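# Summary of structural features
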Amino acid sequence: MTTATASNAAVDTAHNATSTTISNEDFLATVAEKSDGAALRGDYKLADTQYVVEQNWDRYTEEEHELWRKLYQRQEALLPGRACNEFIDALHKMNAAGGIPDFEQTSAALFKATGWRIVAVPGLIPEFTFFEHLANRRFPVTVWLRTPEEFNYIVEPDVFHDYFGHVPMLFNPVFADYMQLYGKGGLKAMGLGGLDYLARLYWYTVEFGLINTPEGLRIYGAGILSSGGEVEYCLKSGTTSRHIHLDIQRCLRTLYKIDSYQESYFVINSFQELFDGTAPDFAPYYEKLKQLEALPADTLLAGEIELLA
Ligand code: PHE
Ligand code: CO
């Protein structure tokens, strides 16, 4: 999710294929302009008012299932010692190694675990709709899969990013609650001029978040976990990126990169800490932030500690 314009949504990358939304204006402009579907990939013709479509699982080709298996295998092999246990355990329960999964099956298991459902969408959807889905415990997953040429690089989030990256964490009850409240917070932020700030929190937690565990730093962010390169990069010592404890207001103030690996990773100690830290009313935060300059993505403030050993 980002308040991306149509143009910056289109420079999103594979290690970074994370935008789920596009602002309403840009969305409508892009769809109108590009009736050939060149800018926004996906078929919006059959979408309902919530942008929900049928997954039409039978329509995936054997080549697409094969590409999925390759993406899955490459990515799964990178997870041990890097992804958090919550992610790995849930992924394995999802049984999605054999081909592009049928959302209905995962959705039923997910609903039993945390009351969330998966809904199929054609691709990027407007912010308001995205927030409404989250606020009602529905996670929108793009139906189409990248092409083989896009194995390492893709300009918009596809089914692999959305499903492999995001769905496992929704099996965690605390994280699942956080996501719902984020959706409610998004709807509220729209009326407060707070969207740019709130989008940074999504970026640095849901997409690029790290968690501190007794075994060391681990990944829970979907943008990293669906990326071939950043899974290794983000936990490598000696890079130019920083790994600092998540302070909510500091994060809301921090710009992010959409076309390179992250220069800052924010680390939580637990999902409960994330939930509790985002519980306060953000309205006063937004007012304060409007008076301040945003911080560049490579900022390290006095007193901030590098957490990667
Ligand atoms: N508590 C925030 C508000 O009042 C909403 C929010 C919750 C935002 C959880 C992000 C995550 O605006
Ligand atoms: Co994403």
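Here's what I pulled together on the structure shown here.

The rules behind each value
Residues numbered from 1 in each chain as written. Chains lettered and ligands numbered in written order. Predicted model: local features only at pLDDT ≥ 70, side-chain atom pairs only at ≥ 80, totals over all residues. Heavy atoms only, no water. Donors = N, O, S within 2.8 Å, 3.2 Å for Na, K, Ca; no water. Helix = DSSP H or I, 4+ residues; strand = E, 2+ residues; numbered from the N terminus. Buried < 20%, exposed > 50% of the residue type's maximum accessible area, 1.4 Å probe, protein only. Salt bridge = Lys/Arg side-chain N within 4 Å of Asp/Glu carboxyl O. Near = heavy atom within 4 Å. Polar contact = N/O pair within 3.5 Å; in protein donor to acceptor, adjacent residues only side chain to side chain. Areas by Shrake-Rupley, 256 points an atom, 1.4 Å probe, with all protein chains shown as cover. Nonpolar A, V, L, I, M, F, W, Y, C, P; charged D, E, K, R; others polar. Phe/Tyr/Trp six-rings, centres within 6.5 Å; stacked < 30°, edge-to-face > 60°. Pairing = 2+ DSSP bridges. Axes fitted to C-alpha atoms, helices over the stretch in contact; angles between N-to-C directions. Parallel < 35°, antiparallel > 145°, perpendicular 65-115°, else oblique. Left-handed = near helix turned anticlockwise from the far one by under 90°. Contact = heavy atoms within 4.5 Å.

## As for the coordination of the cobalt ion (ligand 2)
Taken together, the protein donors to the cobalt ion (ligand 2) comprise His161 (NE2), His166 (NE2) and Glu207 (OE), at separations of 2.1 Å. Read N to C, the donor residues that coordinate the cobalt ion (ligand 2) are spaced as H-x4-H-x40-E. Of this pair, histidine 166 sits in helix α7 (residues 159–166) while glutamate 207 is found in helix α9 (residues 195–207), placing the two residues 41 residues apart along the sequence. For the residue pair histidine 166 and glutamate 207, the accessibility class agrees, reading buried in each case.

## As for the pattern of salt bridges
Within this structure, the stated rule accounts for eleven salt bridges. A salt bridge links glutamate 150 to arginine 41; its shortest N-O distance comes to 2.7 Å. Of the two residues, glutamate 150 is situated in the loop between β4 (138–142) and α7 and arginine 41 in the loop between α2 (24–33) and α3 (62–77); the sequence distance between them amounts to 109 residues. Residue glutamate 287 is joined to lysine 290 by a salt bridge in which the shortest nitrogen-to-oxygen separation is 3.0 Å. By relative accessible area, which is 38% here, lysine 290 ends up partly exposed. In this structure, a network of salt bridges that share partners links the residues Glu62, Glu66 and Arg69.

## What about the site of ligand 1?
The environment of ligand 1 is made up of Tyr178, Leu181, Tyr182, Gly185, Lys188, Leu198, Leu201, Thr278, Ala279, Pro280, Asp281 and Phe282. Interatomic distance of 2.4 Å between a side-chain N/O atom of lysine 188 and an oxygen atom of ligand 1. Alanine 279 has a polar backbone atom sitting 3.3 Å from a nitrogen atom of ligand 1. Relative to its free-state accessible area of 330 Å², ligand 1 is covered by the protein chains to the extent of 93%. Those elements that provide at least two residues to the shell around ligand 1 are α8 (173–190) and α9. No other element matches the five residues that α8 contributes to the shell around ligand 1. Its residues assigned to classes, the shell around ligand 1 comprises eight nonpolar, two polar and two charged.

## So, the packing of aromatic side chains
In total, this model carries 23 aromatic pairs according to the counting rule given. Taking 6.2 Å as the distance between ring centres and 55° as the angle between the ring planes, the aromatic pair formed by phenylalanine 131 and tyrosine 182 counts as tilted. One end of the pair, phenylalanine 131, is in helix α6 (residues 127–135); the other, tyrosine 182, is in helix α8, and 51 residues separate them in sequence. The exposure class assigned to phenylalanine 131 is buried, which follows from its relative accessible area of 0%. Owing to a relative accessible area of 4%, tyrosine 182 belongs among the buried residues under this scheme. Between tyrosine 220 and phenylalanine 271 the ring centres are 5.2 Å apart and the planes differ by 90°, which places this aromatic pair in the edge-to-face class. Of this pair, tyrosine 220 sits in the loop between β6 (216–219) and α10 (222–225) while phenylalanine 271 sits in helix α13 (residues 271–277); the two residues are 51 residues apart in sequence, bridging distant segments of the chain.

## Here's the deal with the pairing of strand β5 (residues 210–213)
By the bridge criterion, four bridges tie β5 to β6 in an arrangement that is antiparallel. Bridge pairing in β6 places asparagine 212 opposite leucine 217. If you look at the hairpin formed by β5 and β6, you'll find two residues sitting between the two strands. In terms of strand pairing, β5 meets strand β8 (residues 264–268) through two bridges, oriented parallel.

## Describing the packing of α3 against α7
Relative orientation of the contacting elements α3 and α7 amounts to 40°, with a least axis distance of 12 Å. Viewed along their axes, α3 and α7 adopt a mutual orientation that is oblique. Judged by the sense of rotation from one axis to the other, the crossing of α3 with α7 is right-handed. Contacts between α3 and α7 pair Trp68, Leu71, Tyr72, Gln75 and Glu76 from the former with Val159, Phe160, Tyr163 and Phe164 from the latter. Its residues assigned to classes, the contact of α3 with α7 comprises seven nonpolar, one polar and one charged.

That is the geometry; function is a separate question.
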